[in-house]
Amino acid sequence: MMPVAIDANAELDDSRIIADIRKLFANYGPTFVQLADGERMDINSLLDFYGAPLRFIGPTFHMVMKDNEDITGEDGIGGEIGRLRHAHFGGSTLDKCDIRVLNPKAALVDALWLRRDEGGNLMERFGVIYIVALTSAGWRITSAITIAA
């Protein structure tokens, strides 16, 4: 039997990818919260995290946002931000963030979010499976699928 060569750089690359994606999500959560609670209004900051085309699938919908305007628009993530403002949203915390590198350009992120109202009461607990891709702009969420938490 031939010995199997182990690529020592592969593990380092995966570690770097995981660190980069953890940083993406560490910044994504607070940005989303600040937009949803009205602390900031620069909706285009979402484009630091999402890449078009963006596919978002839930139990009752399947949306494809083909460009940046779709992402930030009323029928896209921008609309979700607006709905949360009206629902007395107080914040979200990332309770779980498991990252699996699929290849040097893609990763799967299994996340669990806790969404709270202005009084700190739990509004919603939900899971999301994200596909994150390395684009010319850096790591971006390109698909999001809500799952039972």
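The rules behind the values
Residues numbered from 1 in each chain as written. Predicted model: local features only at pLDDT ≥ 70, side-chain atom pairs only at ≥ 80, totals over all residues. Heavy atoms only, no water. Helix = DSSP H or I, 4+ residues; strand = E, 2+ residues; numbered from the N terminus. Contact = heavy atoms within 4.5 Å. Buried < 20%, exposed > 50% of the residue type's maximum accessible area, 1.4 Å probe, protein only. 1 Å grid on protein atoms, 1.4 Å probe; cavity = no way out; pocket = protein on both sides within 12 Å on 5 of 7 lines; lining within 4 Å. Points joined across faces, edges and corners; volume = space filled by probe spheres on them. Nonpolar A, V, L, I, M, F, W, Y, C, P; charged D, E, K, R; others polar. Pairing = 2+ DSSP bridges. Axes fitted to C-alpha atoms, helices over the stretch in contact; angles between N-to-C directions. Phe/Tyr/Trp six-rings, centres within 6.5 Å; stacked < 30°, edge-to-face > 60°.

Novice: How should the environment of Arg22 be read in this particular structure?
Specialist: Looking at where Arg22 falls in the secondary structure, it is placed in helix α1 (residues 8-36). Between the C-alpha atoms of Arg22 and Ala36, which are 14 residues apart in sequence, the distance is 21 Å. If near-sequence neighbours (up to four positions away) are discounted, Arg22 is found in contact with Cys97 and Ile99.

Novice: Is there a simple way to think about helix α3 (residues 77-86) in this case?
Specialist: An α-helical segment advances 3.6 residues per turn. Residues three or four places apart therefore align on the same side. The set of residues buried in α3 consists of Ile77, Gly78, Gly79, Ile81, Gly82 and Leu84. His88 lies just past α3 and shows a positive phi near 60°.

Novice: Quick question: what am I supposed to make of the layout of surface pockets here?
Specialist: To locate leftover empty space, one rolls a probe as large as a water molecule over the atoms. Within this model, the largest pocket holds a volume of roughly 440 Å³. Contributing to the lining of the largest pocket are 22 residues, with Phe32, Phe56, Glu80, Arg115 and Phe126 lying nearest its centre. Broken down by secondary-structure element, the contributors of at least two residues to the lining of the largest pocket are α1, β1 (50-58), β2 (61-65), α3, β4 (106-117), β5 (122-135) and β6 (138-147). Split by residue class, the lining of the largest pocket holds 14 nonpolar, 4 polar and 4 charged.

Novice: Hey, could you run me through the sheet that holds β4 in this one?
Specialist: Hydrogen bonds between backbone groups are what pair the strands of a sheet, and the pairing can be parallel or antiparallel. Sheet architecture is open: 6 strands sit in the order β2-β1-β6-β5-β4-β3, paired in mixed fashion. Edge positions in the sheet fall to β2 and β3 (89-103), since each of these pairs with one other strand and no more. Adjacent strand axes in the sheet meet at a mean angle of 20° when their direction is disregarded. Those strands touched by α3 are β1, β2, β3 and β4, and its axis lies near 60° from that of β1.

Novice: I would appreciate a short explanation of unusual backbone geometry in the present structure.
Specialist: Negative phi is the rule for most residues except glycine; trans is the rule for most peptide bonds. Cis geometry is adopted by the peptide bond preceding Pro53, which originates at Ala52 and carries an omega value of 0°. With respect to the helices, strands and loops of the structure, Pro53 is situated in strand β1. Positive phi, normally seen in glycine, also occurs at His88, with a value near 60°. Checked against the element boundaries, His88 lands in the loop between α3 and β3.

Novice: Is there a simple way to explain the packing of aromatic side chains in this structure?
Specialist: Each aromatic ring pair is summarised here by two numbers: the centre-to-centre distance and the angle between the ring planes. Across all of its chains, the model carries 7 aromatic pairs by this definition. Centroid distance Phe25 to Tyr28: 5.9 Å. Interplanar angle 80°. Geometry classified as edge-to-face. In this pair, Phe25 and Tyr28 both sit in helix α1, 3 residues apart, roughly one turn of the helix. What makes Tyr28 buried here is its relative accessible area of 6%. An aromatic cluster is present here, built from Phe25, Tyr28, Phe32, Phe49, Tyr50, Trp113 and Tyr130 joined pairwise through their rings.

Novice: Got a minute to help me understand the pairing of β3 in this structure?
Specialist: Looking down a regular strand, the side chains alternate between one sheet face and the other. In terms of strand pairing, β3 meets β4 through 12 bridges, oriented antiparallel. Counterpart to Val101 in the pairing with β4 is Ala107. Hairpin connection between β3 and β4: a loop of 2 residues separates the two successive antiparallel strands.

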